[in-house]
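Spelled out from the first residue to the last, the chains are:
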Amino acid sequence: MKYLITIICIAFSWNLSAKVLDKIMAVIDENIITLSQIKRIQGNLTPRKNIAPPIYTKDKMSSDEIVDLIIRKYLIRDKIAEQGFIISDEQVEQQISATEKRLGLTRESLMNFLQSSNLTFDEYFEVTRETIEFNIFNGRIIRPLITITDQEIKNIFYKQNEGNTTFTFKYLLTDFYLENSSPSQINKFKKMLEKYQINGILPEEFISMQTNVLGNVTEDGLTPPLIRLLKKTGEGQFTTPIKINNAHHVFFIKKKDLVESEIFNQAKERIKMGLYGKKAQGTIDIWVKREGSRHYLKYFYKRKKKK
């Protein structure tokens, strides 16, 4: 109620003004988001993106997206304040001074750069504050919610390097095979195994299926078609059926490792960061929706429906 009273008072005082300079687009708690704010951010998105890419991720943003971004900023600020993190002007100034020193800039050269980028120093100051707040929020709130497994990293690495014939793998496999199988059985073989892995129920038509565990299998001695099939199948997945001699086989790849593991180790951190970025965005969206329900939020314009 106090937020609504605040809005009414502000609107009344503005009506007394000789001219209307702005339009209220939304209110989050006691914070007002105006049309001029949105237009200003849209007008200098590129320098904002250069300064704070984790926050300003796009070259162009709609009014709805800008409003959501500002709302998120206030939700983050409120949340980290609950945990005792209130970013003072002195902390922001220290961060700016550290950036100047790192880039070899004077304050005058920084001001000239900002002017050429259509960004005021006050705007730069607040973007820097947002960045500090977002980094605290990301580290304290979001990162503990995200888990990235080695298997996820491996699967992406193998997919990215599927056509690289220079890589040699070793496997721990379970071989499922059928002799004298019908075309219908072959078509259903892989899907049946995926269900069998979950429920342990083996359909009657697959009762003759046999299994064999194969450990430390290298590519030496394997046929080229089987090598290609195993390379394009991720760890923890079933291959498509392949005919070997007189039987049809589906292999479950329990473990898949590069023989030359240094290549994987070099790419591991890059892939992990990419995975984290994708998962973090979804996690933040969920967090914002949940956290926003705890705050007073009102829109004063018609928002576009999300597809």
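Thresholds applied
Residues numbered from 1 in each chain as written. Predicted model: local features only at pLDDT ≥ 70, side-chain atom pairs only at ≥ 80, totals over all residues. Heavy atoms only, no water. 1 Å grid on protein atoms, 1.4 Å probe; cavity = no way out; pocket = protein on both sides within 12 Å on 5 of 7 lines; lining within 4 Å. Points joined across faces, edges and corners; volume = space filled by probe spheres on them. Helix = DSSP H or I, 4+ residues; strand = E, 2+ residues; numbered from the N terminus. Nonpolar A, V, L, I, M, F, W, Y, C, P; charged D, E, K, R; others polar. Buried < 20%, exposed > 50% of the residue type's maximum accessible area, 1.4 Å probe, protein only. Core = buried A, V, L, I, M, F, W, Y, C linked by side-chain atoms within 4.5 Å. Contact = heavy atoms within 4.5 Å. Pairing = 2+ DSSP bridges. Axes fitted to C-alpha atoms, helices over the stretch in contact; angles between N-to-C directions. Salt bridge = Lys/Arg side-chain N within 4 Å of Asp/Glu carboxyl O. pLDDT = per-residue confidence, 0-100. Polar contact = N/O pair within 3.5 Å; in protein donor to acceptor, adjacent residues only side chain to side chain.

**Student:** Looking at this structure, I do not really get empty space enclosed by the protein. What am I missing?
**Tutor:** To find leftover empty space, one rolls a probe the size of a water molecule over the atoms. Tallied over the full model, the rule gives two cavities of 30 Å³ or more. Lining the largest cavity are Ile-55, Leu-69, Arg-72, Lys-73, Ile-76, Glu-130, Glu-133 and Phe-134. Listed by contribution, the elements that provide at least two residues to the lining of the largest cavity are helix H4 (63-82) and helix H7 (121-142). Ranked by the residues each element gives to the lining of the largest cavity, the list is headed by H4, at four residues. Taken together, the residues of the lining of the largest cavity break down into four nonpolar, no polar and four charged. Approximately 30 Å³ is the volume attributed to the second largest cavity.

**Student:** I keep staring at unusual backbone geometry and nothing clicks. Help me out?
**Tutor:** Glycine aside, residues mostly have negative phi angles, and peptide bonds mostly take the trans form. One non-glycine residue with positive phi stands out, namely Asn-118, at about 60°. Mapping Asn-118 onto the fold places it in the loop between helix H6 (107-116) and H7. Exposure remark for Asn-118: the relative accessible area of 37% places this residue in the partly exposed category.

**Student:** I would appreciate a short explanation of the nonpolar core in the present structure.
**Tutor:** Counting residues in each nonpolar core, the largest one holds 63 residues, and the members touching the most others are Ile-33, Tyr-56, Phe-137, Ile-142, Phe-157 and Trp-287. For this core, the element with the highest residue contribution is H7, accounting for 10 residues. Aside from chain neighbours lying at most four places away, what touches Ile-33 is Lys-23, Ile-24, Met-25, Ala-26, Ile-28, Ile-38, Val-67, Ile-70 and Ile-71. Formed by 10 residues, the second largest nonpolar core is a distinct cluster that contains Phe-206, Phe-238, Val-250 and Phe-252.

**Student:** Would you take a moment to explain the sheet that holds strand E6 (residues 247-258) for this structure?
**Tutor:** Either a parallel or an antiparallel arrangement is found when strands of a sheet pair, and the pairing is made through backbone hydrogen bonds. Sheet architecture is open: four strands sit in the order E4-E3-E6-E5, paired in antiparallel fashion. Across the chains shown, the open sheet's two edge strands, defined by having one partner strand only, are strand E4 (210-218) and strand E5 (242-244). Across the sheet, the mean angle from the axis of one strand to that of its neighbour is 35°, orientation sign disregarded. Here E5 runs beside E6; their pairing, made up of three bridges, is antiparallel. Following the sheet pairing, Ile-242 is matched in E6 by His-249. Those strands touched by helix H9 (residues 183-199) are strand E3 (169-179) and E6, and its axis lies near 45° from that of E6.

**Student:** Looking at this model, I keep getting lost on the side chain of Glu-291. Mind explaining?
**Tutor:** Along the chain, Glu-291 falls in helix H11 (residues 261-292). Note on Glu-291: relative accessible area 4%, which makes it buried. Filtering out sequence-adjacent residues up to four positions away, Glu-291 remains in contact with Leu-75 and Lys-79.

**Student:** Looking at this structure, I do not really get the layout of surface pockets. What am I missing?
**Tutor:** Quantified by volume, the largest pocket comes out at close to 800 Å³. Glu-65, Asp-68, Leu-69, Asp-285 and Lys-306 are the residues nearest the centre of the largest pocket, which is lined by 26 residues in total. Listing elements by their share of the lining of the largest pocket, those giving two or more residues are H4, H11 and strand E7 (297-299). The element best represented in the lining of the largest pocket is H4, accounting for seven residues. Here the lining of the largest pocket is composed, by residue class, of nine nonpolar, five polar and 12 charged.

**Student:** Help me understand the pattern of salt bridges, please; the structure alone is not making it clear to me.
**Tutor:** If the charged atoms of two oppositely charged side chains come close together, the side chains can form a pair. A complete count under the given rule lists 19 salt bridges for this structure. With its nearest N and O atoms 2.8 Å apart, the salt bridge here joins Glu-205 to Lys-188. Pair noted here: Glu-205 is in the loop between H9 and E4 and Lys-188 is in helix H9, with a separation of 17 residues, a long-range link. Lys-255 is the salt-bridge partner of Asp-257, the closest N and O atoms lying 4.0 Å from each other. Here Lys-255 falls in the partly exposed class, since its relative accessible area comes to 43%.

**Student:** I would appreciate a short explanation of the confidence of the model for the protein chain in the present structure.
**Tutor:** Here the protein chain averages 89 in pLDDT, while 92% of its residues score no lower than 70. Contacts from residues 4-8, a stretch scored under 50 in pLDDT, to residues over four places away or in other chains number four contacts. Low pLDDT, under 50, characterises residues 10-20; the predicted model gives this stretch three contacts beyond four residues in sequence or across chains.

**Student:** I tried to follow the environment of Glu-235 on my own but got confused; where do I start?
**Tutor:** Within the secondary structure, Glu-235 is located in the loop between helix H10 (224-231) and E5. By relative accessible area, Glu-235 is classed as buried at 7%. Between the alpha carbons of Glu-235 and Glu-152 there is a distance of 8.6 Å; along the sequence they are 83 residues apart. The residues contacting Glu-235, other than those within four sequence positions of it, are Gln-151, Lys-154, Asn-155, Ile-253, Lys-254, Lys-255 and Lys-256. Of note is the side chain of Glu-235, whose polar atom sits 3.3 Å from the side chain of Lys-154.

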